[in-house]
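# Understanding the architecture of this molecule
Spelled out from the first residue to the last, the chains are:
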Amino acid sequence: MPVFSFNDALLVAVLLFATGLTGVLVRRNLLFMLMSLDIMLNAAALVFVAAGARWHDASGQVMFLMILALAATETAVGLAIILRLHARGRPSLDADTGNLLRG
Amino acid sequence: MSDLLSISALCCHDGAAMHILAILSASITVVGAIMVITRSIAVHAVLYLVVTLLSLASVLSLLGAPFAAALDVIIYAGAIMVLFVFVIMMLNLGQPDSDREKEWLRPRAWFGPAVLAAVLCGELFFGLRDMPDAGPISMITPRDVGLMLFGPYVMMVELVSFLLLAGLVTAFHIGRYRMEDR
Amino acid sequence: MPEFLLPLIVLSPFSAAIILFLSAGRMPARYVGLLATGSVGLSAIISVILAVLLLSAPSAEPIRVTLWEWMHTPVFSAHIAFELDPLSLVMILVVTVIGFLIHLYAVDYMRGDPGIARFFGSMTLFIAAMLVLVLSSDLLCLFIGWEGVGLCSYLLIGFWYTNPANTAAARKAFYITRIGDAAMLCGLLLLAATVGTLQIDTLTEAVTAGQITPTAVTGTALFLLVGALAKSAQIPFQTWLPDAMAGPTPTSALIHAATMVTAGVYLIARLHILFTAATVAMTVMAVIGTLTLLMAACSALVQADLKRILAWSTISQLGYMFLALGTGVWQAALFHLMTHAFFKALLFLTAGAIIERVHHEQNIFRMGGLLRTMPGIAGSFLAGASALAGLPLITAGFYSKELILSSVWHANFPISSRFSLSGHVLWAIAVVGAFLTSLYIFRCFFIVFFGPLKKDASGHTPLLMAIPLACISFLSVFGGVVEIPDTLAPVHLFTQMLNPSGFFTHTEDPAWLLYAGAAAPLVGLSVAWLLWGRTSSVIQEIPGQTIIIRLTESGWGFDILYDFVLVRPFRFLNWLGRHDILDRMSSGAASATRRTNAFLVRFRTGILSYVSERTIVMTREGNVLLARMQNGRVRWYAAWIVTGLCVALASAVLS
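Residue numbers here run from 1 along each chain, matching the order of that chain's written sequence. Ligands are numbered from 1 and chains lettered from A, in the order in which they are written. Local features are withheld for residues below a pLDDT of 70 in this predicted model, meaning they are given only at 70 or higher, and side-chain atom pairs are given and counted only at 80 or more; totals for whole chains, interfaces and linings count all residues. Calculation of side-chain values draws on the structure's entire complement of heavy atoms; hydrogens and water are dropped beforehand.

Per an unreviewed UniProt entry, chain A carries the name NADH-quinone oxidoreductase subunit K and comes from Acetobacter fallax. UniProt positions are given in the numbering used here, feature names are shortened, and annotations may be inferred rather than shown by experiment. Comment text from UniProt for chain A, heading Subunit (unreviewed entry), reads "NDH-1 is composed of 14 different subunits. Subunits NuoA, H, J, K, L, M, N constitute the membrane sector of the complex." Word for word, the UniProt comment on chain A under Catalytic activity (unreviewed entry) is "a quinone + NADH + 5 H(+)(in) = a quinol + NAD(+) + 4 H(+)(out)".

Have a look at this one:
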């Protein structure tokens, strides 16, 4: 039985998103950045599901599934990159050392 | 949070337990997320992330989306987190790593991001403050989702399968052990 | 009963392929060959049974099986469905019978190779994909087979992957056919968007009823034509086929004879109603076919590598088929496809036997006098060569080529509303092509089998390799009697089977047309005999050869063309990406501010002293700020994104 209201769900989603965002900005370790990204993705997914429940449309949960697939892909590729960096002798996984984009 | 509290105060007779459950799961979600981003040991963070995802799953099921909740538990908290645990195991992190994490997490580093996130949060709350409450939320069964998924969204499913395939190939290609790296 | 057999014909090689791949080399080599050959043999038996059932049935109804619905949306649906009509019957007979003989040959040829399970797995998968291609009654289902064939050709051409040249050849084949596949996909999507289905029956009905606009028909036909040209290695996509020789010889035989390159011809024959409605596509097809047959014949004339000669001859023969398709006589194209499958498989398998006997020597100038050491092989090569040349009356190639030539003579190819290309011109080129065909293949025959012995041949051809050779020799000599021109004897079994309602008859053909077609190969044979066969003082070079050799070695300049048109732009984009133009601009701005800075310093003493000082400070600060923004740290970039988001949200919320 649904007891949450749409606004409550949005509230939770906003808080989660802000937390994940802080994590991405604060952490220098790539592993933690990936986890924070996952939190942000979950917040976005929560909004979709809540909107689907609000307007009684299954599209919201379809979008949830898509986000799930996206998150799985993103995590797999990200973790592969982490492993690769680690294997090449970058034990710290510091995101700030990968700064070839510097102007 | 205050909204939730007011709701719980209003409905104390019927389904009060459900409301308490709702507040509990919502707060565990947020607190767990905060714990994830503040830990200095990777495994702890992953465990908190699992907690967050599990409570998020209960939030989803309370939103009337049992299918999404089940998937969240199975795929996210199950499969993806296992992936994280594997990678952490392979990285072989130790005391020096957590020390470095602690050093990176000086209070000064928190200032800018926290301000940004707070501003964003405030803006979103401000924008959502007078959204009319839209009455009861309805349940969406897995059947509805399935009909939608393989009806109008079938092309999307194909595209996602392409995405997953591309991810698979990429992960395989990047993660492959190469002699010349050593 | 027949409905039950139809999926089985695909399933048999497919399941064999799966077993072979899953066994991952743990299976003993003997069983590997047995399983693969047996599965393809089973398919061949089933297709013969189906042929008997289909042809003995009183009504000409095709056998249809719908296996399942693949996808379904309100506006579009696709099925996995098979359909057996005379057209696909010819194809499955060619694919399975020739495929079976090639497998039988390969059992012995590949004996002892460590990757034999992989080899046979790819081969059977190749057969299965080709069968899906020719049997499916839905274009999307056909596309599965189309892609499967491309994949298997890649796997097989690069079979000996330790040599980088082989993998390069495999990649080349894959990329070039991919260009065509992209075009073909465009054509399919266009069709799906205009008609709403890719069911071939519905499509042909829609075309004949005129439900599709002429523009759409022409566009689709051109797109599909590009796909077919790439698959069948016609100009301008011909470069991949000669390089595809890198694979094992049975693979080459399979690619050239039964599968892969015939797919393009089949596609156009299958959709001939669509193509007939698009006259532009037909003209393009005929002209490209003619050019290809001439160009490939010239290339084949100067090659020294035995397998390359055969590869160019395949391109040339496919040119004949495209000429026939462009003329609208798809029956003739299919007939030539069938006889070509016979003699090309024979030639390749014979070439493989020769090459194995002379210690993997492929240069024909280092062979010679092999007639005495291997008379049986020489006999079968002669059978294949004369069928390829189309020596009159006694070979299969003569009848099919004659059918094409006689129909081209009457055709007319409209180029625009006022101009049209007469069929006589194309006919003349095709006859010249026939002469060249005979010339180059007998050049090869005389050089390899006559003259002094240059290289010792060892061993003898095993029985398992000799049996398929004998079978295909028989087919390539006598396979053509199912269709004989009216001038000689009115036999039209083949065309009547394909099109029971009656076929074009050329009773008004002048007899000299037939004689001209028959004379061309004979002239070629005699010239070849004069030049290369007569004495030991062989003229090995023909005048101007060096230039042509250089041209053909560079793929008639097409490789360079591809380099310019396709590779260079990609490289340029890469270069742009690597050197980061935006970054250059920003650092350019920074250095500009610095210069302004210095410039203003000079005028500092002037009246503008105060103003310039301010400006200096501002530009310097700006420079510092800009440099700060570009520090290359991802986290900072993320922070900037969030700041932008905050500002945008604020402006949205507060306004």
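## As for the packing of helix α5 (residues 139-157) of chain C against helix α11 (residues 261-270) of chain C
Residue and element names in this part refer to chain C. Fitted lines through C-alpha atoms give the axes, limited to the stretch in contact for helices. The angle between two N-to-C directions lies from 0 to 180 degrees. Segments assigned H or I by DSSP are reported as helices when at least four residues long, segments assigned E as strands when at least two residues long, and all are numbered from the N terminus. Where α5 contacts α11, the axes come no closer than 12 Å and their chain directions differ by 170°. It follows from the interaxial angle that α5 and α11 lie roughly antiparallel. Of the residues in α11, those touching α5 at L139, L142 and W146 are A263, G264, Y266 and L267. For the contact of α5 with α11, the residue count by class is six nonpolar, one polar and no charged. Comment on the angle field: the value is read as roughly parallel under 35 degrees, roughly antiparallel over 145, roughly perpendicular from 65 to 115, and oblique elsewhere. Working rule for contacts: check all heavy atoms of both residues, and any pair within 4.5 Å makes them a contact. Under the grouping applied here, Gly and all other residues not named as nonpolar or charged are polar, the nonpolar ones being Ala, Val, Leu, Ile, Met, Phe, Trp, Tyr, Cys and Pro and the charged ones Asp, Glu, Lys and Arg.

## Side note on the UniProt feature "transmembrane region" (unreviewed entry) in chain A
Residue and element names in this part refer to chain A. As annotated by UniProt and renumbered to match this structure, "transmembrane region" (unreviewed entry) occupies residues 6-27, 39-56 and 62-83. With 95% helix and 0% strand, residues 6-27 has its two end C-alpha atoms placed 31 Å apart. Its end C-alpha atoms 25 Å apart, residues 39-56 is made of 89% helix and 0% strand.

## Remarks on a nonpolar patch on the surface
Residues and elements named next belong to chain B. To count toward a patch, a residue needs a relative accessible area over 30% and no salt bridge; like charges are then connected within 9 Å, while nonpolar side chains (Val, Leu, Ile, Met, Phe, Trp, Tyr) are connected within 5 Å. To measure how exposed things are, a 1.4 Å probe is used in the Shrake-Rupley method; for residues, cover is taken only from the protein chains shown. Salt bridges, as used here, are contacts in which a Lys or Arg side-chain nitrogen is within 4 Å of a carboxyl oxygen on Asp or Glu. A cluster of nonpolar side chains, contributed by V82, V85, F86 and M89, occupies part of the molecular surface with about 370 Å² of accessible area. Within the fold, V82 resides in helix α4 (residues 66-91). Burial classes follow relative accessibility: with a 1.4 Å probe on protein chains only, a residue under 20% of its type's maximum area counts as buried, one over 50% as exposed, and anything between as partly exposed. On the accessibility criterion, V82 (41% relative accessible area) is partly exposed.

## Quick look at the interface of chain A and chain B
The interface of chain A with chain B comprises 72 residues on the first partner and 88 residues on the second. For the pair chain A and chain B, the summed buried surface comes to about 7,400 Å²; carbon and sulfur atoms form 77% of the total. A simple way to read buried area is as the amount of 1.4 Å-probe accessible surface that goes missing from two parts once joined, with both sides added. When the area that chain A buries against chain B is broken down by residue, the three leading residues are A:F4, A:Q61 and A:R84, summing to 9%. Summed over the shared surface of chain A and chain B, the result is one salt bridge. A salt bridge links A:R27 to B:E101; its shortest N-O distance comes to 2.8 Å.

## Focus on helix α17 (residues 375-389) of chain C
Residue and element names in this part refer to chain C. Expected helix span is given by 1.5 Å per residue-to-residue step, counting one fewer step than there are residues. Taking 1.5 Å of rise per residue, 15 residues should cover 21 Å, and α17 covers 20 Å from first to last C-alpha, within 8% of that figure. By the criterion of burial, α17 is predominantly enclosed, with 11 of the 15 residues buried. Residues of α17 that are buried include every one of I377, A378, S380, F381, A383, G384, A385, S386, A387, L388 and A389, and no others. Phi turns positive one or two residues past the end of α17, at G390, with a value near 75°.

## Concerning the packing of α17(C) against helix α20 (residues 463-478) of chain C
All names here are of chain C. Contact geometry of α17 with α20 gives a least axis separation of 9 Å together with a crossing angle of 30°. Relative to α20, α17 is oriented roughly parallel. Taken as a pair, α17 and α20 cross one another with a handedness that is left-handed. Facing I377, S380, A383 and A387 of α17, the residues of α20 in contact are L469, S473, S476 and V477. For a crossing to be left-handed, the near helix must be turned anticlockwise from the far one by less than a right angle; the clockwise case is right-handed.

## Some points on the nonpolar core
Residue and element names in this part refer to chain C. In this text, buried Ala, Val, Leu, Ile, Met, Phe, Trp, Tyr and Cys residues form a nonpolar core when linked through side-chain atoms within 4.5 Å. Ranked by size, the top nonpolar core spans 204 residues in total, and within it L139 and F275 carry the most contacts. For this core, the leading source of residues is helix α15 (residues 330-357), giving 19 residues. Residues in contact with L139, not counting those within four places in the same chain, are L188, L191, L198, I200, L203, L267 and L271.

## Points about the side chain of C:D108
All names here are of chain C. Looking at the secondary structure, you find D108 in helix α3 (residues 86-109). Residue class for D108 comes out buried when judged on its relative accessible area of 12%. Any N or O atom pair separated by 3.5 Å or less is treated as a polar contact, with the protein-specific requirement of one donor-capable and one acceptor-capable atom, and with residues adjacent in sequence counted only for side-chain atom pairs. Of the polar contacts made by the side chain of D108, one reaches the side chain of R111; its length is 2.6 Å. If sequence neighbours within four positions are ignored, D108 has contacts with P462, L464 and M465.

## What about unusual backbone geometry?
Residue and element names in this part refer to chain C. Cis peptide bonds are those with omega within 30 degrees of zero, and the linkage from I235 to P236 qualifies with 0°. With a phi close to 55°, A233 is a non-glycine residue in the positive phi region. Among the structural elements, A233 can be located in the loop between α8 (214-231) and α9 (240-243).

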